[in-house]
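Residue strings, one per chain:
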Amino acid sequence: MTDRRNIYFFYKKNSETDEQCNMLKQLATEHGFQVVDDHRQANIIASIGGDGTFLQAVRKTNFRDDCLYVGIAKKGKAHLYADFNIHDTDKMIEATNSEQIEVRKYPLIDVTVDGTNRFQCLNEVSIRSSIIKTFVMDVFIDDLHFETFRGDGMIISTPTGSTAYNKSVEGAVVDPKLPCVQVTELASLNNNTYRTLGSPFILSADRRLTLKIVQDGNDYPIIGLDNEAFSTMHVKEVDVSLSGKVIKTIKLKDNSFWEKVKRTFL
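All figures in this text were calculated on a predicted structure; none of them were measured in a lab. Each chain carries its own residue numbering, running from 1 in the direction its sequence is written. Since the coordinates come from a predicted model, pLDDT governs what is reported: local features require at least 70, and pairs of side-chain atoms require 80 or more to be given and counted, while whole-chain, interface and lining totals use all residues. Water and hydrogen atoms were dropped before computing side-chain values, which therefore reflect all heavy atoms in the structure.

**With respect to the pattern of salt bridges**
Step number 1: The term salt bridge refers to a pairing of a side-chain nitrogen on Lys or Arg with a carboxyl oxygen on Asp or Glu at a separation within 4 Å. A full pass over the atoms with the stated rule returns eight salt bridges.
Step number 2: Ionic pairing is found between R40 and D38, a salt bridge with its closest N-O pair at 2.9 Å.
Step number 3: Given the relative accessible area of 61%, R40 is considered exposed.
Step number 4: Across the pair D143 and R208 runs a salt bridge whose closest N-O atoms are separated by 2.9 Å. Here R208 lies in strand β14 (residues 208-213) and D143 lies in the loop between β9 (135-141) and β10 (144-151), a separation of 65 residues in the sequence.
Step number 5: Exposure classes here rest on a 1.4 Å probe applied to the protein chains alone. A residue is buried below 20% of its type maximum, exposed above 50%, and partly exposed in between. Looking at R208, the relative accessible area reads 34%, which means it is partly exposed.
Step number 6: Salt bridges sharing common partners tie together D83, R104 and K260. For the purposes of this entry, the term helix denotes a DSSP run of H or I that reaches at least four residues, the term strand denotes a run of E that reaches at least two, and both are numbered from the N terminus.

If you want it as structure tokens, here you go:
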């Protein structure tokens with residue numbers, strides 16, 4: 001595509017958002033953008049809503065690495081993926097006509113379940129028990145058996161995902177300039193039979209994490225992919241690694257990751 005100003009708007013359909021989006025579409029057209037109805041024809045994909053909507057926008061448009069994603073919040077400022085607010089159109093116009101915009105690259109996680117089902121995540125993949133019972137996983141880093149885990153599950157997050165589910169279970173907040181994944185336990189049992197590290201740990205971009213689920217009657221885990229759930233029976237092995245693919249987002253120079261963290265949590 002030679003036209004770099006094709007824009008697609010992703011949002012949850014309702015009367016209020018329809019009206020707001022129509023206003024943005026008109027504004028985009030007035031400033032030289034072409035609004036398209038098919039995300040595959042877009043060079044810019046604009047998500048209207050919160051961080052959950054942004055995650056859906058990326059997932060539903062197949063984690064494209066050949067376009068720019070932009071987050072537009074409907075209300076408030078506490079959004080880690082949204083640099084703009086729908087009520088501040090002047091800032092959007094000013095940004096498109098100045099040198100305020102930078103491109104920021106976010107890494108993705110590759111997930112393979114039992115060697116066949118393959119997925120990608122922007123925030124995290126979580127593996128949790130689907131019943132009120134712990135389950136057991138053998139944890140391998142590359143080909144090294146690292147530990148045997150028994151508990152409610154694990155979260156493997158990207159640096160940007162470190163502020164989400166991971167943070168709520170005492171995981172570390174990680175600078176997105178570090179290409180890595182973080183592994184955080186969910187309610188592990190540590191006793192004479194099962195022993196785990198007991199703290200989150202970070203793996204570099206070239207590491208591979210393998211979780212082998214022990215088939216002891218509780219082999220129906222829920223696998224969370226960002227804000228969606230994948231349910232499958234008799235899961236035996238989950239392989240996780242940092243993808244070589246990234247998504248590109250629009251960033252304002254005065255709105256860094258750490259400025260967003262401060263605004264959201266402090």
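**Observations concerning the sheet that holds strand β12 (residues 180-186)**
Step number 1: Here, strands pair whenever DSSP counts at least two bridges between them. Reading across from one edge, β13-β12-β11-β8-β15-β16 is the order of the six strands in this open sheet, with antiparallel pairing throughout. Sheet topology places β13 (201-204) and β16 (228-231) at the edges, where each strand pairs with a single neighbour. Strand-to-strand twist in this sheet, taken as the mean axis angle between neighbours without regard to direction, amounts to 20°.
Step number 2: With five bridges joining them, strand β11 (residues 153-157) and β12 adopt antiparallel strand pairing. Within β12, the position partnered with S157 by the bridge is Q182. To get an axis, a line is fitted to the C-alpha atoms, and for a helix only the part in contact is used. The angle between two axes follows their N-to-C directions and goes from 0 to 180 degrees.

**Describing the side chain of S126**
Step number 1: Structurally, S126 can be placed in strand β8 (residues 124-128).
Step number 2: Relative accessible area serves as the criterion here: at 3%, S126 is assigned to the buried category.
Step number 3: Residues contacting S126, with those up to four places away along its chain left out, are M154, I155, Y165, I222, I223 and G224. Throughout, a residue-residue contact means that at least one pair of heavy atoms, one from each residue, lies within 4.5 Å.

**Considering the state of the cysteines**
Step number 1: By convention in this document, the label disulfide applies to cysteine sulfur atom pairs within 2.5 Å. Within the structure shown, the criterion is met by zero disulfides.
Step number 2: For C21, which is in no disulfide, the shortest distance to another cysteine sulfur is to C67 and amounts to 16 Å.
Step number 3: Judged by relative accessible area, C21 falls into the buried class, the value being 0%.
Step number 4: As a non-bridged cysteine, C180 has C121 as the owner of its nearest cysteine sulfur, 15 Å distant.
Step number 5: For C180, a relative accessible area of 6% gives the class buried.

**Describing the packing of aromatic side chains**
Step number 1: We call Phe, Tyr and Trp rings a pair once their centres come within 6.5 Å, taking the six-membered ring for Trp, and we label the pair stacked below 30 degrees between planes, edge-to-face above 60, and tilted otherwise. Tallied over the entire structure, the rule returns six aromatic pairs.
Step number 2: When the ring of F54 is compared with that of Y69, the centres are 6.3 Å apart and the planes differ by 65°; the resulting orientation is edge-to-face. Highlighted residues: F54 in helix α2 (residues 51-60) and Y69 in strand β4 (residues 68-73), separated in sequence by 15 residues. For the pair F54 and Y69, one class covers both residues: buried.
Step number 3: Note on F119 and F230: the rings are 4.7 Å apart at their centroids and 55° apart in plane angle, and the pair reads as tilted. With F119 in strand β7 (residues 117-121) and F230 in strand β16, this pair connects stretches of sequence that are 111 residues apart.
Step number 4: We classify F230 as buried; its relative accessible area is 17%.
Step number 5: Directly above the ring of F33 sits R5, whose terminal nitrogen or CZ lies 3.9 Å from the centroid.
Step number 6: The ring of Y11 is capped by K13, whose NZ or CZ atom sits 4.1 Å from the centre of that ring. In this analysis the charged atom, NZ for Lys or CZ for Arg, is taken to sit over a ring once it is within 6 Å of the ring centre and within 35 degrees of the ring normal.

Bear in mind that shape data such as this cannot, by itself, settle questions of function.
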